[in-house]
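Spelled out from the first residue to the last, the chains are:
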Amino acid sequence: MNAFSRRGACPALSAPMQTGDGLLVRLNPVAGGPSSGGLSPKLLIGLGESALRHGNGIMEVTARGSLQIRGLTTESAALLAAEVDALGIAVRTGVPVETGPLAGIDPHEIADPRPMAERIRVAVEEAGLATRLGPKVSVIVDGGGQLTLDGVTADVRLKAVGVSAGTLWAISVAGDRQSEKRLATAGEGAARDIAVAALRMVAEKGPDAHTRDLSERQLASLTGWHSTAPLSVLPDISPTRGEIGSLSAGIPLSTSKIGEHSDNSAISPLEGEMSGRTEGGASRKPIGLFSLAGDIFAFGIGLPYGSMPADKIIGLAQKALALGTSEIRLAPGRALLFLGQPAEANQSLQDTAATLGFVTSPTDPRTRIAACPGAPACASGRIATRDIAEAIATENADILDFTLHVSGCAKGCAHPGPAALTIVGGENGAGLVVNATAKALPAGYRPGYDAARGFSRVAAMIRGARHQGETAAACLTRLGTAAIAEMYQQE
């Protein structure tokens, strides 16, 4: 398979990926600082105009906060790359070491994560790991604050922990904040060493490996690399024991794998659903006002299902430019953060965004639905996901207190993890998966064009069966898979 069609690769600017509507490229701008994804309004306008000239005019912000441009050809992708270069937009290369969209400017942060992220980037380069790790291996350095990265999966995660003696870093691997395997809590230098050691182990296993593939013995060696006392009395930390030794030493490997366990027998309401947690990454949705310092605010605006026509993004950026916005940052959770405009300008910006069809409220039902492009945009899509999602959001907003995943196929690109309910396209139509991922066997089917009506029947059942004060998610758990599937298929 060539670079344009290889699945599992990241569709970077230099290596577009083939999709149903042409080639797709992904950009991670770093103009606003290390990994902040910042662009001036003029630069975003320029990117939008390039997307109109060279693609099909569809732009996306992903769950991890990357910018995607769709509908390119081999020739136009090269022209787009040249225009991005001419605009002077620096894009991230190498192993992704990601920080939050408000990194370094959020007064609620425990620590500014950018210096630690830069130290890890340098160590990864010096260790020669950039060319040995797979394209989807990633590191997160989370300083805490209003927009954490708790919901974003990563191979290695460092999260700031505040203690009386200063800042420590909690290190974990293989997952998001709920599913991760926690290793240790350490000071700055030790945390960096553990992170790079974990990446070395992954590199030894080959280009398709992730930290989830590390053996129990390897995880134990990472955990034992540094000893810690209770956080309240933690002294300075230094290496004391463990199998790793120094980063230049050989690392023992094991063929034993970590077991993966899942229980799909019942629907478990996802922790944090009612507090606004989303699959996209932030523990708080990146939509609305976020106080920075004094009367300075960042204003978050979401893209419905992560996608918008380029002309509408241009229109919003033009309005922001007129209002004095100095920077627009990409945010995990499929959103844009507008910074620098006067506080009194935020209402005008919100009004313009709402008129253009953007998501301007964290309670918008579209934030509860993860939907990939689906048919006809993606060659793998079996159902018109966005049409189905829009119909469900319009008709059943009152019961969407859980995550609904609408997937064009079983790959589940928009929401890799389990969701309370998933509508997935397949040979038999639109299947309904209960409390699992899109890869699971559906409990029932109905024609793809009729999927929204099937969901509406499930919604009606929830309204009739829900107890006073009970969430829809809890009601689904009580009703059970068989009853839900039967209602979904009912004519």
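The rules behind these values
- Residues numbered from 1 in each chain as written.
- Predicted model: local features only at pLDDT ≥ 70, side-chain atom pairs only at ≥ 80, totals over all residues.
- Heavy atoms only, no water.
- Buried < 20%, exposed > 50% of the residue type's maximum accessible area, 1.4 Å probe, protein only.
- Helix = DSSP H or I, 4+ residues; strand = E, 2+ residues; numbered from the N terminus.
- Arc of directions from axis to C-beta.
- Contact = heavy atoms within 4.5 Å.
- Salt bridge = Lys/Arg side-chain N within 4 Å of Asp/Glu carboxyl O.
- Pairing = 2+ DSSP bridges.
- Axes fitted to C-alpha atoms, helices over the stretch in contact; angles between N-to-C directions.
- Parallel < 35°, antiparallel > 145°, perpendicular 65-115°, else oblique.
- Left-handed = near helix turned anticlockwise from the far one by under 90°.
- Nonpolar A, V, L, I, M, F, W, Y, C, P; charged D, E, K, R; others polar.

**Here's the deal with helix α11 (residues 481-489)**
- Those residues of α11 lying buried are Ile484, Ala485, Met487 and Tyr488. All buried residues of α11 lie within an arc of 165° about the axis, which places them on one face of the element. Summarising the geometry of α11, the exposed residues directed more than 90 degrees from the buried face are Ala482 and Glu486.
- Buried residues belonging to α11 abut β18 (419-426), β19 (429-436), β20 (444-446), α9 (451-465) and α10 (472-479).

**What about the pattern of salt bridges?**
- Evaluated as defined, the whole model comprises 22 salt bridges.
- Notably, a salt bridge pairs Arg192 with Asp193, separated by 3.2 Å at the nearest N-O pair.
- A relative accessible area of 27% means that Arg192 is categorised as partly exposed.

**Some remarks on the sheet that holds β19**
- Judged by pairing direction, the sheet is mixed, and its 5 strands sit side by side in the order β16-β17-β18-β19-β20 without closing on themselves. Two strands in the sheet have a free side with no partner beyond their single neighbour: β16 (369-371) and β20. Pairs of neighbouring strands in the sheet enclose a mean axial angle of 20°, with direction left out of account.
- As paired strands, strand β17 (residues 404-407) and β18 are joined by 4 bridges and run parallel to one another. Opposite Val406, over in β18, you have Ile423 as the bridge partner.
- Along the sheet face, helix α8 (residues 385-395) touches β16, β17 and β18 and points at about 165° away from the line of β16.

**Observations regarding the packing of helix α1 (residues 41-54) against helix α2 (residues 74-87)**
- Running from N to C, α1 and α2 point in directions that differ by 165°, and their axes come no closer than 10 Å. Here α1 lies roughly antiparallel to α2, going by the angle between them. Crossing geometry of α1 relative to α2 is assigned as right-handed. Residue-level inspection shows Leu43, Gly46, Leu47, Ser50, Arg53 and His54 of α1 in contact with α2, the latter providing Ser76, Leu79, Leu80, Glu83, Val84 and Leu87.
- For the contact of α1 with α2, the residue count by class is 6 nonpolar, 4 polar and 2 charged.

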